[in-house]
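Inside the fold
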Amino acid sequence: MPSRATPRPVGTVTRGTTNPNRLRRMDRWIAATHGAELRRAADPVAVDLGYGAAPWTAVELLHRLRTVAPHARVVGVEIDPARVAAAEPYARAGLVFRHGGFEVPAPRPPLLIRAANVLRQYDEDEVAAVWQRLCARLAPASGHSRGGLLVEGTCDEIGRRHVWVALGPEGPRTVTLATRLGSLERPSDLAERLPKALIHRNVPGEPVHAFLRDFDRAWAAAAPYASYGARQRWMRAVRDLAADWPVTDGPVRWRQGEVTVRWEALAPRA
């Protein structure tokens, strides 16, 4: 009887650009906001989807998740088989590498899928279908859990500026902007790192454009706080911004150069 052919991975090969410590801001946020879900699970699996030409981000994800969930396991998934072969020497207890794509070849529905800089090369009208496919692979919600989390976004080459969308099994939840405050001239500098679902919507009449406009105004109004440092100025600007926008986090995260807003407030107009 002939053997069954191995299914072809879903997706296309990315550029593969990667640098050590590039995704530190995203990883810190995941550990802080999703760590409790990972700790509660008996065998928490996380997927680093599209880790690139080198496996640094998968290795770092394992280390950061284990600071909050000691039993966490990471599966690095790459659509380019040569990259999987190159990553194999870095496999260790709790970290394996698999050939695959958006079908997410994990041993069980993961509690986390991190997809950083993966959809940058795709067309905007392809994003919804990819999100739907990936969310369907997440661990489902239950009586004691909101289910798995998909974190999809974009950052610059050394991780100073990063914007991501967090999605649960039910769909998009929040948008987070994170930056190294010392390198920021104004909040709208982060517009170039908006994920594919939003980057082409930064035009008048769209919610994300209005949000960045209001953030710049709040930043300008907070200029007197600059004498106390960029962190204090950012925190004041976010506090003022929260009067008109549904900011979901608080000062502990703001101090990290972050702000998280409900997805519905920034979602593209139909």
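This structure is a prediction, so every number in the text was calculated from the model and none was measured. (Residues numbered from 1 in each chain as written. Predicted model: local features only at pLDDT ≥ 70, side-chain atom pairs only at ≥ 80, totals over all residues. Heavy atoms only, no water.)

**Quick look at helix H7 (residues 230-241)**
- The terminal C-alpha atoms of H7 lie 16 Å apart, and with 12 residues this matches the ideal 16 Å at 1.5 Å per residue to within 8%.
- Among all positions in H7, only Arg233, Trp234, Met235, Ala237, Val238 and Leu241 are buried.
- Buried positions along H7 lie against strand E7 (171-179), helix H6 (207-221), helix H8 (251-254) and strand E8 (258-262). (Helix = DSSP H or I, 4+ residues; strand = E, 2+ residues; numbered from the N terminus. Expected span 1.5 Å × (residues − 1). Buried < 20%, exposed > 50% of the residue type's maximum accessible area, 1.4 Å probe, protein only. Contact = heavy atoms within 4.5 Å.)

**Let's talk about the confidence of the model for the protein**
- Overall, the predicted model of the protein reaches an average pLDDT of 94, with 95% of residues at or above 70.
- Long-range and interchain partners of residues 1-5, a stretch whose pLDDT sits below 50, account for 0 contacts in this model, where long-range means more than four residues apart. (pLDDT = per-residue confidence, 0-100.)

**Examining the side chain of Thr179**
- For Thr179, the location among the structural elements is in strand E7.
- At 3.4 Å, the side chain of Thr179 and the backbone oxygen of Arg160 are in polar contact.
- With residues near it in sequence (within four places) discarded, Thr179 still touches Arg25, Arg160, Arg161, Leu184, Leu190, Trp234, Gln256 and Gly257. (Polar contact = N/O pair within 3.5 Å; in protein donor to acceptor, adjacent residues only side chain to side chain.)

**Side note on the pattern of salt bridges**
- In the structure shown here, the tally under the stated rule is 23 salt bridges.
- A salt bridge links Asp214 to Arg213, with the shortest nitrogen-to-oxygen separation between them at 3.0 Å.
- Sharing partners across several salt bridges, the network here consists of Asp27, Asp48, Glu60, Arg64 and Arg114. (Salt bridge = Lys/Arg side-chain N within 4 Å of Asp/Glu carboxyl O.)

**Notes on the nonpolar core**
- If you look at the biggest cluster of nonpolar residues, it comprises 54 residues, and the most contacted ones within it are Trp131, Leu150, Phe211 and Trp234.
- Broken down by element, the residue count for this core peaks at 7 residues, all from H6.
- Excluding residues that lie within four positions of it along the chain, Phe211 makes contacts with Leu177, Leu241, Trp245, Val261 and Leu266. (Core = buried A, V, L, I, M, F, W, Y, C linked by side-chain atoms within 4.5 Å.)

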